[in-house]
Amino acid sequence: MKGSDLLVAALENEGVDRIFGVPGEENLDVVESLRRSSIELVVTRHEQPAAFLAATYGRLTGKPGVALSTLGPGALNFVTGAAYGFLGGMPMVLITGQKAIRQSRQAHFQIVDVVAAMRPLTKQSQQIVSASSIPTLVRNAFRVAAEERPGPVHLELPEDVAAEEAGDAPLVPAHAAELPVPSPEAIERASDLILAAKSPLLMFGAGASRPQLAPALSDFVRRVRIPFFNTQMGKGAVGGASDFYLGTAALSERDYVHKAIDRADLIVTIGHETVEKPPFLMSRGRHQVIHVGFVSATVEEVYFPQAEVIGDIAKGLDLLAGQLEGRLKTNPDWAVLRKDILDHIADRAEEDRFPLTPQRIVHDVRQVMPPDGIVALDNGMYKIWFARNYRTDVANTLLLDNALATMGAGLPSGMMAALLYPKRRVLVVAGDGGFMMNSQELETARRMKLNLVVLIIEDHAYGMIRWKQAVDGFADWGLTFDNPDFVAYAAAYGARGRRVTTASGLAPALEQAFSAGGLHLITVPIDYSENIRVLVDELRHMQD
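Residues numbered from 1 in each chain as written. Predicted model: local features only at pLDDT ≥ 70, side-chain atom pairs only at ≥ 80, totals over all residues. Heavy atoms only, no water.

**Comments concerning the overall build of the chain**
Counting secondary structure elements, the chain contains 22 helices and 18 strands. Taking 544 residues into account, the globule formula puts the C-alpha radius of gyration at 24 Å, and the chain, at 24 Å, falls close to it. Viewed in the frame of its principal axes, the chain has a C-alpha envelope of about 70 × 60 × 45 Å. Among the 544 residues that make up the chain, the fraction classed as buried is 58%. Pairs at least 24 apart in sequence give 75% of the contacts found in the chain among residues at least 6 apart. Side-chain charges in the chain split into 53 positive and 64 negative, and the spacing between the mean points of these groups amounts to 3 Å. (Helix = DSSP H or I, 4+ residues; strand = E, 2+ residues; numbered from the N terminus. Rg over C-alpha atoms; globule rule 2.2 N^0.38 Å. Buried < 20%, exposed > 50% of the residue type's maximum accessible area, 1.4 Å probe, protein only. Contact = heavy atoms within 4.5 Å. Lys, Arg positive; Asp, Glu negative; His and termini not counted. Charge placed at Lys NZ, Arg CZ, Asp CG, Glu CD.)

Right under this line is the structure:
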């Protein structure tokens, strides 16, 4: 058995069924080994979306996704995807090729130090120097990628190591690794602080969106009956239909949900990871914070908790609920505040204006998406509107990136959701700027026969930066562009395209696309004047 055969056998041992990427000359032994294996190789049109696909697989399953590239330029195209998984806490294994390391017949042609380049963006980056070590290194890569806090691991396989005979190198079986249970002292300390608080508030962060946590989080809210809000990436960790849901912190301050944050004297953050744009800004003397997490808090200028409950979040919350259940009284003022917050957010959601307002787009998308339907957002101004206005009842049904916040990830993440859940409705929402960064993957989606609808929000600009440019008083300059005919563009890739031309046309267009099945691209123009009216003027008035 040669090294590449052993690599593929080790991947099969980890339960890998698909690898995404763009192979090169240095991967040909691996490609041949994959051809004879049970693993499907999904060839993408660029390495970056292959990494996004692998990261989203990890996000949605808790198991590392796998991406493959060649050396040099191919490997470096993984960099953004690695950072996406690293900041977003998504387990993935990146495998890159390299020239032979026992001879250098091509000198330094295409050679860069990819292991060193990946080191700051991964949990571990390592070159494989011996075929016999492959089973151990692959098992360790998957273990490191999946354990808290999850993230990417990089393995570089030189072509001569891939081709060499490995001998009798047995595979390493996987084993379960249990997280430690939080200490009784930490549970007692947190319980005392909560019982002493007049207005405690829960916050669910990115780490609360781990696939296995949803039942435990909902049970905790049901038992303790404390109102909660969430960060952007914590959205849906507990359903927005709950009577205790107060909203999403789409901004760092001065939004309507911050009325609740300002009223709280104690905030219990569950799974908060400071890679997210801060959901609130701590200051001394304002309120106390208890950090509940898999790992200890990262202390920042705006986040310095006074107590921590570290370990298995589900077990820790169960123990904490045991201390609190039946001992807390819900302040009736929370219900009044909740109605005020949610009413403000829903304002003008059905306004009959064309081009459509952000509120109307979010409203119409919500109308056609069932509770388990998945919306995968790219990055742009609309992301703030979806974070604020889109109510989620099921965990991981609004996929957004509030950590690296990179453009170009929306289409690949939606493709992965459609691949994993072929019977659920999956919608990609992307701006015209972000969509065009990886639009070539429409061909991959069509080749994979995915049922996927892509909604392009068209403003002919890098809209979020243009908004910030206006808010900061700069001239409107340097951020606009032209677009292709998106309907014709869709047809060129074998998809069905449609343009929304009336205020009432979006919901029917989405419904027809989902009912028909297959790959669809719908473009809708947006009126972003609401950015200033709501997110600047209205919130400034509220603050005054």
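What follows continues from the structure just given.
**Let's talk about the side chain of Asn389**
Mapped onto the elements, Asn389 comes out in helix α15 (residues 381-389). A distance of 3.1 Å separates the side chain of Asn389 from the backbone oxygen of Ile345, its partner in a polar contact. With sequence-adjacent residues up to four places away left out, Asn389 is seen in contact with Ile345, Gln359 and Val362. (Polar contact = N/O pair within 3.5 Å; in protein donor to acceptor, adjacent residues only side chain to side chain.)

**Looking at the pairing of strand β4 (residues 92-98)**
Burial runs high along β4: seven of the seven residues are buried. Burial along β4 is two-sided: the residues Met92, Leu94, Thr96 and Gln98 and Val93, Ile95 and Gly97 are all buried. Sheet topology places strand β3 (residues 65-69) next to β4; five bridges connect them, and they run parallel. Bridge pairing links Ala67 to Leu94 in β4. Summarising the sheet, β4 and strand β6 (residues 152-158) pair through seven bridges and their orientation is parallel. Paired with Met92 across the bridge in β6 is Pro152. (Pairing = 2+ DSSP bridges.)

**Some words on the sheet that holds strand β15 (residues 426-431)**
Spatially, β14-β13-β15-β16-β18-β17 is the arrangement adopted by the six strands of the open sheet, whose pairing is parallel. Each end of this open sheet is capped by a strand with a single partner; those strands are β14 (398-399) and β17 (496-499). Of the strand pairs in this sheet, strand β16 (residues 452-458) and strand β18 (residues 519-525) are connected by seven bridges, and their pairing is parallel. Its bridge partner lying in β18, Ile456 is registered against Thr523. Against the sheet, α15 makes contact with β13 (374-377), β14, β15 and β16, and its axis sits at roughly 135° relative to β15, the strand it touches most. Its contacts with the sheet put helix α16 (residues 410-420) on β13, β14, β15 and β16, and the angle it makes with β15 is roughly 180°. (Axes fitted to C-alpha atoms, helices over the stretch in contact; angles between N-to-C directions.)

**A closer look at a nonpolar patch on the surface**
A cluster of nonpolar side chains, Met437, Tyr462 and Ile465, forms an exposed patch at the surface whose accessible area comes to about 270 Å². In this structure, Tyr462 sits in the loop between β16 and α19 (463-471). (Patch = residues over 30% accessible without salt bridge, like charges linked within 9 Å, V, L, I, M, F, W, Y side chains within 5 Å. Areas by Shrake-Rupley, 256 points an atom, 1.4 Å probe, with all protein chains shown as cover. Salt bridge = Lys/Arg side-chain N within 4 Å of Asp/Glu carboxyl O.)

**Some details on the nonpolar core**
Residues Phe204, Leu217, Ile361, Val365, Phe386, Phe435 and Leu452 are the most contacted members of the largest nonpolar core, which totals 144 residues. Sorting elements by how many residues they give to this core places helix α3 (residues 47-61) first, with eight residues. Setting aside its immediate chain neighbours within four residues, Phe386 contacts Lys235, Ile361, Val362, Val365, Val375, Leu377, Leu398 and Val429. Counting residues in each nonpolar core, the second largest holds 30 residues, with Ala10, Val66, Phe142 and Ala169 among its members. (Core = buried A, V, L, I, M, F, W, Y, C linked by side-chain atoms within 4.5 Å.)

**Regarding the packing of α3 against α16**
Across the interface, α3 lies against α16 with an axial gap of 8 Å and an inter-helix angle of 50°. The orientation of α3 with respect to α16, classified from their angle, is oblique. The two elements α3 and α16 cross, and the hand of that crossing is right-handed. Residues Pro49, Phe52, Leu53, Thr56, Tyr57, Leu60 and Thr61 of α3 touch α16, and the partners they reach there are Pro412, Ser413, Met415, Met416, Ala417 and Leu420. (Parallel < 35°, antiparallel > 145°, perpendicular 65-115°, else oblique. Left-handed = near helix turned anticlockwise from the far one by under 90°.)

**Here's the deal with the sheet that holds strand β1 (residues 18-22)**
Strand order in the open sheet formed by six strands is β2-β1-β3-β4-β6-β5, and the pairing between neighbours is parallel. Looking along the sheet, the strands with just one partner apiece sit at the ends: β2 (40-43) and β5 (124-127). The mean inter-strand angle of the sheet, taken between neighbouring strand axes irrespective of direction, is 20°. Strand contacts of α3: β1, β3 and β4, with the helix running at about 165° to β3, the strand carrying the most contacts.

**Describing the pairing of β5**
Relative to β6, β5 runs parallel, the two sharing four bridges. Within β6, the residue paired with Gln126 across the bridge is Leu155. In this fold, β5 hands off to helix α7 (residues 134-146), which returns the chain to β6; that crossover is right-handed. (Right-handed = clockwise from strand over helix to strand, strands pointing away.)

**Concerning the packing of helix α9 (residues 184-196) against helix α12 (residues 313-324)**
When two helices pack together, their arrangement is given by the angle between the helix axes and by the axis-to-axis distance. Where α9 meets α12, the closest approach of the two axes is 10 Å, and the angle between their N-to-C directions is 50°. Relative to α12, the element α9 lies oblique. Our pair here, α9 against α12, has a crossing hand that is right-handed. In this structure, α9 uses Ile187, Glu188, Ala190, Ser191, Ile194 and Leu195 to contact α12, whose residues at the interface are Gly316, Leu319, Leu320, Gln323 and Leu324. Its residues assigned to classes, the contact of α9 with α12 shows seven nonpolar, three polar and one charged. (Nonpolar A, V, L, I, M, F, W, Y, C, P; charged D, E, K, R; others polar.)

**Considerations on unusual backbone geometry**
Here Glu148 and Arg149 are connected by a cis peptide whose omega angle stands at -10°. With respect to the secondary-structure elements, Arg149 resides in the loop between α7 and β6. The omega torsion of the bond from Phe354 to Pro355 falls at 0°, within 30 degrees of zero and hence cis. Mapped onto the elements of the fold, Pro355 is located in the loop between α13 (333-346) and α14 (358-368). You will see that Arg254, though not glycine, has its phi angle at about 65°, which is positive.

**Concerning the pattern of salt bridges**
In total, this model carries 37 salt bridges according to the counting rule given. Here Glu511 and Arg425 are joined by a salt bridge, their closest N and O atoms 2.7 Å apart. Of this pair, Glu511 sits in helix α21 (residues 506-516) while Arg425 sits in the loop between α16 and β15; the two residues are 86 residues apart in sequence, bridging distant segments of the chain. When salt bridges with common partners are traced through the structure, they connect Asp219, Arg222, Arg223, Asp318 and Glu325 into a single cluster.

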